[in-house]
Amino acid sequence: MRITPPPRTFRVKSFGCQMNVYDGERMGELLSAQGIAPAPEGEDADLVVLNTCHIREKASEKVYSDIGRIVKSGEQAGRKPLIAVAGCVAQAEGEEIMARAPAVSMVVGPQAYHHLPEMLAKAARGERTTDTDMPAIAKFDSLPARRRIGPSAFLTVQEGCDKFCTYCVVPYTRGAEISRPFNDLTAEAERLVEAGAREITLLGQNVNAWSGTDDKGRAIGLDGLIRALAELPGLARIRYTTSHPSDVTDGLIAAHGEVEKLMPFLHLPVQSGSDRVLKAMNRSHTAGEYLRLLDRFRAARPDIAISGDFIVGFPGETDAEFEDTLRLVDAVGYAQCFSFKYSPRPGTPAATMEGQVAPEIMDERLQRLQAALNRDQAAFNAASVGRRCAVLVERKGKKAGQWLGKSPWLQSVWFEGDHAIGDLVEVDLVEAGPNSLAARVVERVAA
Ligand code: 5AD
Ligand code: SF4
């Protein structure tokens, strides 16, 4: 056991999904409220929070090697930084981390990080603590108000997952589906806008499973929340991610045609184009049902950009079933997409299924799938040339006078001129690359 002076600086390193980025920001705000300052760029911090991801392989190995690196860097500088392991690896393997890594003082799960101040106080007395409790959403009430924020902010509205796809750890690490209350969300959104946000992305593992009661006592779903947030003056854009096909409602589809602030972008993972594989994944939809859903979104909002997630090499996936995935990709024409090799996760049903696919076959399938997805992304970008749209300025480019922002379809857009971060600028998209577009400014849109 060691006694450590209270930390003066911290660094939060977040891995994985946008929810972790959001949690990481909130942990940072919590630590700042304790009088601990973010460590300056390039300097070691007194307290390092590793905000981990468990979704795919090598997550825990990575945590141990990161811990080793922090300890070594501290030794070289003659100090012992405090180390906290947060996020989904903490939730899944907290006890083991404590046993294997004596340098770790705190293990804190995604539903417990509002307890960090008490854990820090114990750490200062040399006590090591693990907190992986999952109280129902209590943490949000105990976090400090949001203060300084970039033009594009995340807002967690829903956490957890009840779907139990057979490959996925999320239902175990993030727990059951829980929706944050409507009033808390509108209040947090207002604070985000006051703090500089022009765009809010509503986050949830199954964001479209969000449900609540609005200020008039009516039961509403995600579309109702989006419509309420669209009333906020100063908020220009609303996005949401990640959705599940089974929780798509008529109202959500209609909102895409009716709510101007709702951006024409949909991240709707399908995972596979084979009905047999989808069934083995416990996805509760077929490839055909997925395609018909997309048709309905497109009917409501013809220019909607579609994004998704795929897994190749799920146990038992045959060449013909993989070809079904390629066919589905051709049918959709994704604007962008994420694709992964199947990774067996301990404790999930798929990890012990027959017919685990050989790594070289997975490599080959991933390459073929990504070639198809890259082709479609390039085609989507090329087809955007000639469009006029608003771009939200997010940061300066590398060259003087150059700016980077996002189109309504979530494409990165470069342009020149006299702008400021947070401006909405009307542009003509003039040139497409595989990952970004160049634009010419038409005018700055009034705030
Ligand atoms: N192996 C590979 N990819 C996975 N995902 C989730 N679990 C696994 C796994 N065990 C992918 C899915 C999901 C995304 C967030 O991560 O595509 O939509
Ligand atoms: Fe995991 Fe499936 Fe839930 Fe998504 S819907 S978090 S893939 S279990």
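Note that the structure is a prediction, hence the values are computed from the model and not measured.

### Brief notes about the site of ligand 2
Then comes step 1: Near ligand 2, the surroundings consist of C161, K163, F164, C165, Y167, C168, V170, P171, N206, H244 and R283.
Then comes step 2: Of the residues belonging to the shell around ligand 2, the class tally is 7 nonpolar, 2 polar and 2 charged.

### Focus: the side chain of T325
Then comes step 1: Within the element layout of this structure, T325 appears in helix α11 (residues 319–332).
Then comes step 2: Overall, T325 belongs to the buried group, its relative accessible area being 1%.
Then comes step 3: Ignoring sequence-local partners within four residues, the contact set of T325 consists of S272, G273, S274, F310, E317 and L369.

### Notes on the packing of helix α7 (residues 222–229) against helix α8 (residues 250–258)
Then comes step 1: Where α7 meets α8, the axes come as close as 8 Å, and the angle between the chain directions of the two elements is 30 degrees. Relative to α8, the element α7 is oriented roughly parallel. Seen from α7, the contacting residues are L222, D223, I226 and R227; seen from α8, they are G251, L252, A254, A255 and E258.
Then comes step 2: Within the contact of α7 with α8, the residues separate by chemical class into 5 nonpolar, 1 polar and 3 charged.

### Things to note about α7
Because an α-helix packs 3.6 residues into every turn, residues spaced three or four apart end up facing the same way.
Then comes step 1: With 6 of 8 residues buried, α7 is to be regarded as a mostly interior element.
Then comes step 2: All buried positions along α7 are accounted for by L222, D223, G224, L225, I226 and L229.
Then comes step 3: Considering only its buried residues, α7 is in contact with α6 (182–194), β10 (199–203), β12 (219–221), β13 (237–241) and α8.

### As for the site of ligand 1
Then comes step 1: The full set of residues close to ligand 1 is I55, R56, Y167, Q271, D309, I311, F340, K341, Y342, S343 and R345.
Then comes step 2: For ligand 1, a nitrogen atom lies 2.9 Å from a polar atom in the backbone of Y167.
Then comes step 3: S343 is positioned with one of its backbone polar atoms (N or O) 2.8 Å from a nitrogen atom of ligand 1.
Then comes step 4: Burial of ligand 1 by the protein chains amounts to 87% of its free accessible area of 400 Å².
Then comes step 5: Mapped onto the shell around ligand 1, the elements with two or more residues apiece are β15 (305–312) and β16 (336–341).
Then comes step 6: When its residues are assigned to classes, the shell around ligand 1 shows 5 nonpolar, 2 polar and 4 charged.

How each quantity is defined
- Residues numbered from 1 in each chain as written.
- Chains lettered and ligands numbered in written order.
- Predicted model: local features only at pLDDT ≥ 70, side-chain atom pairs only at ≥ 80, totals over all residues.
- Heavy atoms only, no water.
- Near = heavy atom within 4 Å.
- Nonpolar A, V, L, I, M, F, W, Y, C, P; charged D, E, K, R; others polar.
- Helix = DSSP H or I, 4+ residues; strand = E, 2+ residues; numbered from the N terminus.
- Buried < 20%, exposed > 50% of the residue type's maximum accessible area, 1.4 Å probe, protein only.
- Contact = heavy atoms within 4.5 Å.
- Axes fitted to C-alpha atoms, helices over the stretch in contact; angles between N-to-C directions.
- Parallel < 35°, antiparallel > 145°, perpendicular 65-115°, else oblique.
- Polar contact = N/O pair within 3.5 Å; in protein donor to acceptor, adjacent residues only side chain to side chain.
- Areas by Shrake-Rupley, 256 points an atom, 1.4 Å probe, with all protein chains shown as cover.

The values reported here are purely geometric and, on their own, carry no functional implication.
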